[in-house]
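For reference, the chains in residue letters:
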Amino acid sequence: MTLDPTLDYSEVAELLHPLDDGLEPAIASLRARLARDAQLTHTLDVAYRVVDSPVGKLLLAATDRGIVRVAFEVEDHVEVLQALANSVSPRILRAPARLEDAARQLDEYFSGKRREFDLILDFRLARGFRLNVLQHLPRIAYGNTESYAQVAQAAGSPNAVRAVGTACATNPLPVIVPCHRVVKSDGSFGGYLGGTDAKRALLTLEAAA
């Protein structure tokens, strides 16, 4: 089986997606072959899968550089995939095997068995000061928090407190890049891309470990 390099694989994925929850082993096999052939012919630029978690379904997407996107349900996974098609490549396909390691590590994290992620990340969706902030966030230890002001200081711009908030609100890799560990100076949660309940759940999980 070969793939037509002119075919938009995001459209193929969309056609197959409604059957995901049914007992359709032939469709699953076809999808796997599409993903394998696309990878072999270098016509798959973004692989994705959806995983269950205590904070809802998470969309995981990866390029050949690493994990490029983690998205909560509230962000609308269809819109997220469209944004990736616009900003990275339209050659997108649901390819769970490509994200097996990420899915496993997230499962270990949510079950309290993992405190740090060991994944290669693709930060192409963040630039400038926002990228500086994201690169600092994994240095906030599991179970700990820092204020927006502390993160601004660590990222090299002590006065850019509001910009830290923006960087966290637009973090393309939540959970893996732990913007949930950034709180207000008074200890209150502040905003979160996945919603306040998700942020509370993540901080409670880490505090209980």
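Residues numbered from 1 in each chain as written. Predicted model: local features only at pLDDT ≥ 70, side-chain atom pairs only at ≥ 80, totals over all residues. Heavy atoms only, no water.

1. Some details on the overall build of the protein
The helix and strand tally for the protein stands at 8 helices and 6 strands. Across the protein, helices and strands are ordered from the amino to the carboxyl terminus as α-α-β-β-β-α-β-α-α-β-α-α-β-α. Out of the 209 residues belonging to the protein, those deemed buried represent 45%. For the protein, contacts bridging at least 24 residues in sequence account for 61% of all contacts bridging at least 6. Carbon and sulfur atoms make up 50% of the accessible area of the protein, which totals about 10800 Å². (Helix = DSSP H or I, 4+ residues; strand = E, 2+ residues; numbered from the N terminus. Buried < 20%, exposed > 50% of the residue type's maximum accessible area, 1.4 Å probe, protein only. Contact = heavy atoms within 4.5 Å. Areas by Shrake-Rupley, 256 points an atom, 1.4 Å probe, with all protein chains shown as cover.)

2. Observations regarding the pairing of strand 3 (residues 66-72)
The side chains of a regular strand alternate between both faces of the sheet. Buried residues dominate strand 3, accounting for 7 of its 7 residues. Where strand 2 (residues 58-63) lies against strand 3, 6 bridges are found, and the strand directions are antiparallel. Residue pairing across strands places Leu60 opposite Val70, the latter belonging to strand 3. Between strand 2 and strand 3, which pair antiparallel and follow one another directly, the connecting turn spans 2 residues. (Pairing = 2+ DSSP bridges.)

3. Points about the sheet that holds strand 3
Strands sit in the order 3-2-1-4 across an open sheet of 4 strands; the sheet is mixed. Only two strands of the sheet have a single neighbouring strand rather than two, namely strand 3 and strand 4 (92-94). Between one strand axis and the next, the sheet turns through 25° on average, direction left out of account. Strand direction decides the pairing type here: strand 1 (residues 46-51) and strand 2, joined by 5 bridges, are antiparallel. Paired with Tyr48 across the two strands is Ala61, which belongs to strand 2. (Axes fitted to C-alpha atoms, helices over the stretch in contact; angles between N-to-C directions.)

4. What to know about the layout of surface pockets
Using a probe with the size of a water molecule, rolled over the atoms, empty space left in the structure can be pinpointed. The volume enclosed by the second largest pocket comes to roughly 230 Å³. Class assignment for the residues of the lining of the second largest pocket results in 11 nonpolar, no polar and 4 charged. (1 Å grid on protein atoms, 1.4 Å probe; cavity = no way out; pocket = protein on both sides within 12 Å on 5 of 7 lines; lining within 4 Å. Points joined across faces, edges and corners; volume = space filled by probe spheres on them. Nonpolar A, V, L, I, M, F, W, Y, C, P; charged D, E, K, R; others polar.)

5. Concerning helix 8 (residues 196-208)
When the terminal C-alpha atoms of helix 8 are compared, their 18 Å separation across 13 residues agrees well with the 18 Å that a helix rising 1.5 Å per residue should span. Among all positions of helix 8, only Ala198, Lys199, Leu202, Leu203 and Glu206 are buried. Down the axis of helix 8, the buried set is contained in an arc of 130°. They therefore lie on one face. Exposed residues lying more than 90 degrees from the buried face of helix 8 are Asp197, Ala207 and Ala208. Residues of helix 8 that are buried sit in contact with strand 3, helix 4 (100-110), helix 6 (148-154) and strand 6 (182-183). (Expected span 1.5 Å × (residues − 1). Arc of directions from axis to C-beta.)

6. What about helix 3 (residues 77-87)?
Helical periodicity: at 3.6 residues per turn, an α-helix aligns residues three or four positions apart in one direction. Buried within helix 3 are the following residues: His77, Val80, Leu81, Leu84 and Ala85. On an axial view of helix 3, the arc spanned by its buried residues comes to 140°, and they lie on one face. Away from its buried face, by an angle of more than 90 degrees, helix 3 presents the exposed residues Val78, Glu79 and Asn86. Buried positions along helix 3 lie against strand 1, strand 2, strand 3 and strand 4.

7. Quick word on the pattern of salt bridges
The full count for this structure, using the stated rule, is 10 salt bridges. Ionic contacts of the salt-bridge type, sharing partners, join the residues Asp101, Arg104, Glu108 and Arg114 into one network. (Salt bridge = Lys/Arg side-chain N within 4 Å of Asp/Glu carboxyl O.)

8. Topic: the state of the cysteines
A full pass over the atoms with the stated rule returns 0 disulfides. Between Cys168, a cysteine without a disulfide, and Cys179, which holds the nearest cysteine sulfur, the sulfur-to-sulfur distance is 5.3 Å. Classification of Cys179 by relative accessible area gives buried; the value is 2%. (Disulfide = S-S within 2.5 Å.)

9. Some remarks on the nonpolar core
The nonpolar side chains of a soluble globular protein tend to be buried, and buried together. If you look at the biggest cluster of nonpolar residues, it comprises 44 residues, and the most contacted ones within it are Leu60, Leu137, Val164 and Val175. Element by element, the count of residues in this core is highest for helix 4, at 5 residues. The contacts of Leu60, once residues within four sequence positions are left out, are Ala47, Tyr48, Arg49, Val51, Arg69, Val70, Leu99, Ala102, Ala103 and Leu106. If you look at the next biggest cluster of nonpolar residues, it comprises 11 residues, including Val46, Tyr48, Ala61 and Leu84. (Core = buried A, V, L, I, M, F, W, Y, C linked by side-chain atoms within 4.5 Å.)

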